[in-house]
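Here's the letter readout for the chains.
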Amino acid sequence: MRVIVTGGAGYVGSHCVRALCDAGHDVVVFDSLVKGHREAVDDRARLVVGDLGDRVLLDEVFGSASFDGVMHFAAFAEVGESVTDPLLYYENNVVKSAVLLEAMREHGVRRIVFSSTCAVYGVPPSVPITEDMPLDPINPYGRTKLAMEWMLSDCANAWGLGAIALRYFNAAGAYVGWAIGEDHDPESHLIPVVLQVALGQREKIMIFGDDYDTPDGTCVRDYVHVGDLASIHKTAIEKVALGAFGAYNVGTGRGSSVNEVIDAARKVTGHAIPAEVVARRVGDPPALFADPSLVSRDLGWSPKYVEIDATVESSWIWHQAHPHGYKG
Ligand code: UDP
């Protein structure tokens, strides 16, 4: 297949590009490099640096070959920033996605796999989360992703688009052997921040609350390995049916608490990793983990990584080799 990957220089996108190239697909990465890293892009893919809102450039790319589908990752993804600057998120994640869909319609490209999120559920009534639970995001980031799902569903009805939204939980780890990994600036995600303590770049890890209604009082999340995310994206673009929209939870089905993640990092790194409990972070639901049975049933996917230790270890290999991310 010939596939355009928007945001293919980002953390999850770059892993999916590797999986596509390994499977023999032709890939064009379309990325602004505002958040992404040129170094993360597979040599086998063609990189086009540009903004998704640039319809002229999109026409040029879509017109350069006959494409079978799009994987759409390009988006801003900082929850806190989405609260303070919602219009930036609506503009970047929703308006520019509409431009992309318009270009797809006009160039006859009818397949898309969309990078959605478990944030579309907000605070779920219970866990594990199934796809039929209420869609009620609690921040602008989640709302922009849900708005995009609605657009995909409406386009499937209106002009035969085939769309799959993958609602992933906490993307984590690095695919050992591909020499790519997580590099956000600023970094706020739990696993890389914990590993920065092990690398001596931070003094301690701040635990955002230990008085939640969870087994050890700290928040529980479902850390799904980025290599497993890559494999489901590849499968989804190969299997997506025209004229239909489907949304799937993509997680391991297991929850790990903040304390369990820190303990896994202590084991893997051999570092004491001092921790201090501080106030809760605003907007953190106590527990989020997936029921991945639907994606397993419909697309035959199941994660290779389910143990948090192995996921943290793969991250540690990346962070040790690249203590300052792609800068070295
Ligand atoms: N967390 C924490 N300290 C940190 C970063 C994160 O205690 O320095 C907690 C956070 O409150 C959440 C979990 O770790 O419960 C995962 O947070 P992350 O930002 O990695 O992902 P999120 O679940 O917010 O998408």
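Use the structure listed above.
Before going into details, it helps to say that this report is about the structure given with it. Counting of residues starts from 1 at the beginning of each chain's written sequence and follows it residue by residue. It should be noted that, the model being predicted, local features are given only for residues of pLDDT at least 70 and side-chain atom pairs only at 80 or more, the latter also being counted only at that level, while totals for whole chains, interfaces and linings use all residues. For side-chain calculations, the full set of non-hydrogen atoms in the structure is used, while hydrogens and water are omitted.

Looking at the side chain of S82
Cut-off, in case you're wondering: Helix and strand labels come from DSSP, where a helix needs a run of H or I of at least four residues and a strand needs a run of E of at least two; each type is numbered from the N terminus. Buried means the residue's accessible area, taken with a 1.4 Å probe over protein chains only, is under 20% of the maximum for its type, while exposed means over 50%, and partly exposed covers the values in between. Any pair of nitrogen or oxygen atoms within 3.5 Å is treated as a polar contact; in protein, a donor-acceptor pairing is required on top of that, and neighbouring residues in sequence qualify only through side-chain atoms on both sides. Any two residues having at least one pair of non-hydrogen atoms within 4.5 Å are treated as being in contact.
Positionally, S82 belongs in helix α3 (residues 79-84). Residue class for S82 comes out buried when judged on its relative accessible area of 0%. Reaching out from S82, the side chain makes a polar contact with the backbone nitrogen of Y141 at a distance of 3.0 Å. In contact with S82, other than residues within four places in its own chain, are Y89, N139, P140 and Y141.

Quick word on the nonpolar core
Most often, soluble globular proteins keep nonpolar side chains buried together rather than apart. Quick reminder of the rule: Here, nonpolar core refers to any group of buried Ala, Val, Leu, Ile, Met, Phe, Trp, Tyr and Cys residues whose side-chain atoms link them within 4.5 Å.
Grouped together as the largest cluster of nonpolar side chains are 39 residues, with contacts concentrated most on V5, V12, V27, M71 and L166. Sort the elements by how many residues they give to this core and helix α1 (residues 11-22) lands first, with seven residues. Residues within four places of L166 in sequence aside, it is in contact with V113, F114, S115, S116, T117, I232, H233, A236, Y248 and V250. Core analysis: the second largest hydrophobic core is formed by 27 residues, V28, V99, L101 and A165 among them.

Description of the pattern of salt bridges
Stated formally: By salt bridge we mean one thing: a side-chain nitrogen of Lys or Arg within 4 Å of a carboxyl oxygen of Asp or Glu.
All told, the structure shown has 19 salt bridges when counted by the stated rule. Between D42 and R18 there is a salt bridge; the shortest N-O distance is 3.5 Å. A residue pair is termed long-range when its members are at least 10 positions apart, and D42 in the loop between β2 (26-31) and β3 (46-49) and R18 in helix α1 qualify at 24 residues. This pair shows no difference in class: D42 is buried, exactly as R18 is. With a shortest N-O distance of 3.0 Å, D211 and R280 are connected by a salt bridge.

Concerning the site of the ligand
In plain terms, the rule: Throughout, the term near means that a residue has one or more heavy atoms lying within 4 Å of the molecule or strand in question. Here the Shrake-Rupley method, with its probe set to 1.4 Å, supplies the accessible areas, and only the displayed protein chains count as covering residues. Any residue that is not Ala, Val, Leu, Ile, Met, Phe, Trp, Tyr, Cys, Pro, Asp, Glu, Lys or Arg is counted as polar, Gly included; the first ten are nonpolar and the last four charged.
Within the structure, the ligand sits among 15 residues, and L190, M206, R221, R281 and D284 are positioned closest to it. N170 places a side-chain nitrogen or oxygen 2.9 Å from an oxygen atom of the ligand. Between the ligand and F208 there is a distance of 2.9 Å, counted from an oxygen atom to a backbone nitrogen or oxygen. Coverage of the ligand by the protein amounts to 85% of the 520 Å² it exposes when considered alone. Listed by contribution, the elements that provide at least two residues to the shell around the ligand are α6 (190-198) and β8 (205-208). Considering every element that reaches the shell around the ligand, the biggest residue donor is β8, with four residues. Of the residues that constitute the shell around the ligand, the class distribution is nine nonpolar, three polar and three charged.

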